[in-house]
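Observations on chain architecture
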Amino acid sequence: MKLFALKAGSPGLLRRAGREYKGLVGSMKETRGTDALEGPGPVDEAAAIIRRASEAGLLISEAEIRRALAGGQPGAEADREADVRTRLLTLLGECDDLREVVADNGERSYYSSLSMSEAYAALLLRRQGDPARLIAEIVRQDSEVYPRPVPLDMFTHPPFDFTLEEVVQTAAGMAAREEYSDIEETRTSTARLFLYSTLYLEPAYASMLAEWLDVGQSNNP
Amino acid sequence: MKTYGGWAGKVLRVDLSTGRSRTEETVDKYKDYLGGTGIGYKVMWDEVPAGTKPHDPGNKIIFAVGPLAGTGAPCNGRIAITTLWPTCAPKPLVATGHMGGHFAAELKYAGYDAIVIEGKADHPVWLSVADGKVEVKDGRHLWGEGIRRTTAAISQIMGPEAVVAAIGPAGENLVPMSNVMNSISHSAGGAGSVMGSKNLKAIGVRGTGSVRIGGNKDEWEKLVKYHLSLLGANNQHVVPNAPQPWAEFWSPGTRWVGSKGRAWGAAAPPIETGTCEPHNLNRIAYRTNNAAFYLGDAAWQYTVRGNGCTGCPIRCHTMVKMPAVASKYGISEMGQNTCMGLLFGWVFFKSFPAGLDGRANMETCMVGMHLADDLGIWCNYGQLQRDFQKLYYEGHIKAKLGEKEFKSYSWDKYEKGDPSFLFELLPRIAAKEGELACALGLGTGYLLERWSISEAEWGKDHDLAYWKMGHPKHHSCEEVGQCGTLINLMYNRDPQCHSHVNFIRNGLPLQVQKKLAAEIWGAPEAVDAIGAYTPMHPSKARMAKWSVLRKELHDSLSLCNWMGPWVASPLKERGYRGDDSLESMLYSVATGDKLDRQELDRVAERIFVLHRALTIRDMGTKEMRARHDLIPEWAFEDESGKAPFTKGTTRMDRKDVETAKDMFYDELGWDRATGAPTAEAYRKAGMGDVAIELDRRNLLPG
């Protein structure tokens, strides 16, 4: 359960999520055809750092930005905390693409909408918290919006990256918690497990949709 | 006379009975029918009389492309093959098959928009079309060879850049369930035995010409880039199948499977597909991996790269490398295909030794793909395999075969999911060896007749997915409700229409789909969530009409209906809109003949109505509603007894479906009682002569 012990913004989380990530000022493997340093608003090192992180599929916290601005020197960022905060507030006003998200613990993180969607940023933010809540919120959202149940194994793939054991244990734990009483499971004919929310999907309908997603679609190419 | 771009300008006619060839001016004779299926239906209407049988010398087979084939338009690689369909039961009627690959473009570069094959050679031949030089060549040394060796042999003669469309032993032996194939894996099912009946083993084409763009060249370049910008992954799925940083939406069911962490593992070195951000047009080809989509994540390790058709960045024919099969089964370690081609071997079996995710199912795919694609066997959209399973497990095969023949098959291997069983079955189908092979090779309709099984029994079985006239459903009520049902009524084989399902499965949330649907078909009620169908609505009939017209349009222009239309896109800044006018814009600039969307759709309607007229004429009845537009019983049933319009069932309501037919016929201006176009509908489509001929035969309603 080591993943669940991670705290938001910890170096462990950054390393784990950033398999392709070579460092905040390092080169990116991929570009979108637009220079990651450039965006709407003035050229600014902090803005470039946020954009690079987003290009790599990461949220970046205020603390991480401070460290990066200080050249990665341990302790150097502490003196500049107020400056960086002011600078980020200014940037948010000047650069249309830069966005701030706030975790439950009050920690602020940033991303650029040039390469990261609001939905993905929200997903990354949720991932920093309680995995049960993460799963529940995604299951509810998918059940309502698309509508569809969610295969449990989806959470073993990026950007979630849980092990199957972790996901199964989390799902099992959710069953006993009142706040997740709407989250139900259904198994397909291949024994694949899907979750859905009874707030939005009736059990029989969820079962049918799960079977369609797991078996029906590929049998009807 | 105005000179148009797009078209090569000539239709080639080859009479195999005499060995002579001649040409016609495409624009003079066929411009009103565009190309592809339009030319095919027109030739069949004008020249192949009712009562002709598929294997008669009087039947013709038309290989036709449209003005966009061989241009830079995305997804322009398809050629339509039109003829009397030998698997259409109880009476063969006109239908079409479609090959991707490179045959379509090469034909244009050789200077032709179509090849009409007539008559019958008195010995096996192959046709060489090299620019303006047309030769009927002795093919006796190729007769009996597989498609692979035939292709290699002709390529040695014509050069490596030639494209060869060949039949295998199945087509030679007049097995109705046979295909014609080009470019390794691109096949048109059902047409192989018609070529075989004419003693035509193959057509090789080589062209060094080009396709002239009739309109402004800069405008064309911009238009092509615009079209590319709207592309999704295969089947125009516009959201990725897992969360990606750039994506607002994702859906586990889409074919947009490329992402960071997923790599073509058999490439040397492995190539990561990466974040396929939709604005990066240079990475479109990394989005799709149909081996992984169909065969599971295990297929990534065997993937070399994507392959595909001329002018198409989607690369839906995934190339896989599985060294183990070479020594184990004596087949090539390399293979490529998509959809049913990939699944050909797999879906014969109910189970595998290590379950569906085991390695045996990958090996089964390789074995099935290589055998079928060399022998030239068609699967009829998987109906062959579904029939086989049902016939075996319900005891029909044991009952119908003599003991000696039954024991000649290793049924223990079959039940265990051993791919080597396919070496016993498939060559015999191609060779018509034994009762089982002969019956399976007929196609479902004639198989049922031969073995005295009622079609109704097949039509009751939901899992069989059998629809009518010897063919299965193809994206019907199970996923597109009444719209899918209506589309499946219209054709004389499975409809091969993807206009509707490409939209339904595009991965966007329901409310986004409904918003787009309201813009395209006039009301959000046009689309429902899968399995949550609502009663018939006029917008559903409009969507069905639009779907079949776009299918005919694509098949006639040579755009891929497995990709288009492009009315949704991956672009958030466009509200995920695509562009419903892409086809007319491409047509107008390519040819220089300016037609807007509605005008081009009217041409498509002419082509579709001509198909209906051919069906009426050749069936000898105008009672289409009662005798042609039929729905199997399974569509009105639900295993758990759920009522129509309750969530979780695809069950249709009988009365509602009749309402759907009424609305659909109304949309087309057809007669409600018979489901036949009226004289006025023919005249509006510019085919008053067709109305006169049908009237002469008492085949007009009213």
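Cut-off values and rules
- Residues numbered from 1 in each chain as written.
- Chains lettered and ligands numbered in written order.
- Predicted model: local features only at pLDDT ≥ 70, side-chain atom pairs only at ≥ 80, totals over all residues.
- Heavy atoms only, no water.
- Domains from an automatic or database assignment.
- Contact = heavy atoms within 4.5 Å.
- Buried area = accessible area lost by both parts, 1.4 Å probe.
- Salt bridge = Lys/Arg side-chain N within 4 Å of Asp/Glu carboxyl O.
- Polar contact = N/O pair within 3.5 Å; in protein donor to acceptor, adjacent residues only side chain to side chain.
- Helix = DSSP H or I, 4+ residues; strand = E, 2+ residues; numbered from the N terminus.
- Pairing = 2+ DSSP bridges.
- Buried < 20%, exposed > 50% of the residue type's maximum accessible area, 1.4 Å probe, protein only.

Turning our attention to the domain arrangement of chain B. Residue and element names in this part refer to chain B. By the assigned domains, chain B splits into domain 1 (10–206) and domain 2 (474–696). On a C-alpha basis, the centres of domain 1 and domain 2 stand 28 Å from each other. Residue-level contacts link 38 residues of domain 1 with 38 residues of domain 2. When domain 1 packs against domain 2, the two sides together hide about 3100 Å² of surface, and 65% of this comes from carbon and sulfur. Linking domain 1 with domain 2 are one salt bridge, by the criterion used here. A salt bridge links K31 to D593, with the nearest nitrogen and oxygen atoms 3.0 Å apart. The interface formed by domain 1 and domain 2 contains 19 residue pairs in polar contact (both at pLDDT 80 or more). When residues of the side of domain 1 that touches domain 2 are traced back to their parent elements, those giving at least two are α2 (36–47), β4 (79–84) and β5 (94–99).

Another point: the pairing of strand β1 (residues 10–15) of chain B. All names here are of chain B. In terms of strand pairing, β1 meets strand β2 (residues 20–25) through six bridges, oriented antiparallel. Of the residues in β2, the one forming a bridge with D15 is R20. Following β1, the chain reverses through four residues before pairing antiparallel with β2; G19 in that reversal takes a positive phi of roughly 80 degrees. Here β1 runs beside strand β6 (residues 114–118); their pairing, made up of five bridges, is parallel.

All names here are of chain B. Within strand β16 (residues 317–321), four of the five residues are buried, which leaves the element mostly enclosed by the surrounding structure. In this structure, strand β15 (residues 303–307) lies alongside β16, joined through four bridges in antiparallel fashion. Bridge assignment links R305 to a residue of β16, and that residue is M319. Here four bridges tie β16 to strand β17 (residues 334–337), and the two strands are oriented antiparallel to one another. Considered in β17, the bridge of M319 is made with Q336.

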